[in-house]
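Letter by letter, the chains look like this.
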Amino acid sequence: MATAQEPAENNDHLIRSSDSQHPANLIPELCRKFWTLGWVTGTGGGASIRDNDLVYLAPSGVQKELMKSEDIYVLSLAQQTDPKNRIYLRSPPSFKPSQCTPLFIAAFTKRNAGCCIHTHSQWAVLITLLLEQMPNPEQKTMFEINNIEQIKGFGRGFQKQGNLGYHDTLRIPVIENTPHEEDLTESLEAAMDKYPDTYAVLVRRHGVYVWGENVHKAKTQCESLDYLFQLAIEMRKLGISWLSDIA
């Protein structure tokens, strides 16, 4: 279990801004919206935004629809030399750091993401349960869908130009859940390495992590993915395959 090193000074100036687009203001606003979608109920899920070297994070145990800018953690990526002892520039007085933190950091350091979102969407969980029933071991660990318009909401991959097209196949890998969230980090990083073009990783019986170059792209991809998960579940009820030969 990682420990947190508290700052000598709390640096509250890092989370104080009248700019609605400042990360400390954006994260609570995003989480309120995600709560209305059922993505972050019961204090689960969260979001993080990177601004150059600074990373802003939602805390653990907070009711996401009630979160305020004062509840936000801030750390410097350059100061993180020991993954078991994270150093924070700014910590809220009454919460603990999120166990999602090392997974968010993986998106920032391995994909140069500007935002990472973690949801406990029921649709994401149900997709992993459906895949769990597949006979082929490889099918159990990959969600695939094509020839659906909403696929256009996804980029082609890390350092690639443009978005996926209607006929392209969207592939989202699945990793197995662990009792402690931060222990998912190694599996998440392995999935990133094996599937370098993915912008998301499903966690079996848990939820999904989605990232993007900035807040707008991460949010767009997260919304598009949740739409596709729900659509895929309805397609399965009707006996419609997620993959088709339309060209």
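Counting of residues starts from 1 at the beginning of each chain's written sequence and follows it residue by residue. At least 70 in pLDDT is required for a residue's local features to be given in this predicted model, at least 80 for side-chain atom pairs to be given and counted, and no such filter applies to totals for whole chains, interfaces and linings, which use all residues. The basis for every side-chain value is the complete set of non-hydrogen atoms in the structure, without hydrogens or water.

## Things to note about the packing of aromatic side chains
Point 1. A pair of Phe, Tyr and Trp rings is counted when the ring centres sit within 6.5 Å of each other, with Trp represented by its six-membered ring. The angle between the planes then sorts it: under 30 degrees is stacked, over 60 is edge-to-face, the rest tilted. Per the stated rule, a full pass over the model turns up five aromatic pairs.
Point 2. A centroid spacing of 5.2 Å and a plane angle of 65° characterise the contact between phenylalanine 143 and tryptophan 242, whose relative ring orientation is edge-to-face. Residue phenylalanine 143 is located in strand β7 (residues 142-146), and its partner tryptophan 242 is located in the segment after α6 (215-237); the two are separated by 99 residues in the primary sequence. Per residue, the accessibility class of phenylalanine 143 equals that of tryptophan 242, and both read buried.
Point 3. Taken together, Phe143, Phe229 and Trp242 form an aromatic cluster joined through their ring pairs. Helix and strand labels come from DSSP, where a helix needs a run of H or I of at least four residues and a strand needs a run of E of at least two; each type is numbered from the N terminus. For each residue, the accessible area found with a 1.4 Å probe, counting protein chains only, is set against the maximum for its type, and the residue is called buried under 20%, exposed over 50%, and partly exposed in between.

## Quick look at the environment of lysine 68
Point 1. If you trace the backbone, lysine 68 turns up in the loop between β3 (54-57) and β4 (73-76).
Point 2. In the structure, lysine 68 is positioned 53 residues away from isoleucine 15 in sequence and 10.0 Å away in space, judged by C-alpha atoms.

## Brief notes about the nonpolar core
Point 1. What makes a nonpolar core is a set of buried Ala, Val, Leu, Ile, Met, Phe, Trp, Tyr and Cys residues whose side-chain atoms join them at distances within 4.5 Å. Ile127, Phe143, Ile145, Leu170, Leu202 and Leu225 are the most contacted members of the largest nonpolar core, which totals 48 residues.
Point 2. Here this core takes nine residues from α6, the largest share from any one element.
Point 3. In what follows, residue pairs with any heavy atoms lying within 4.5 Å of each other are defined as contacts. Beyond its immediate chain neighbours, meaning those up to four positions away, leucine 170 contacts Phe143, Glu144, Ile145, Ile151, Phe154, Leu164, Leu225 and Leu228.

## What about the environment of cysteine 116?
Point 1. Among the structural elements, cysteine 116 can be located in strand β6 (residues 115-119).
Point 2. Cysteine 116 gets classed as buried once you look at its relative accessible area, which sits at 1%.
Point 3. Sequence spacing of cysteine 116 and asparagine 25 is 91 residues, and the spatial spacing of their C-alpha atoms is 16 Å.
Point 4. Look past the residues within four positions of cysteine 116 in its chain and what remains in contact with it is Ala47, Ser48, Phe104, Ala107, Phe108, Tyr209, Val210 and Trp211.

## Some words on the environment of serine 20
Point 1. Within the element layout of this structure, serine 20 appears in the loop between β1 (3-5) and α1 (23-36).
Point 2. Contacts of serine 20, omitting those with residues within four sequence positions, involve Asn25 and Leu26.
Point 3. Here glutamine 21 takes part through its side chain, which lies 3.4 Å from a polar atom of the side chain of serine 20. As used in this structure description, the phrase polar contact means that two N or O atoms lie within 3.5 Å; if the pair is within protein, one of them must be able to donate a hydrogen and the other to accept it, and residues adjacent in sequence are counted only when both atoms belong to side chains.

The quantities given are spatial measurements derived from coordinates; they are silent on function.
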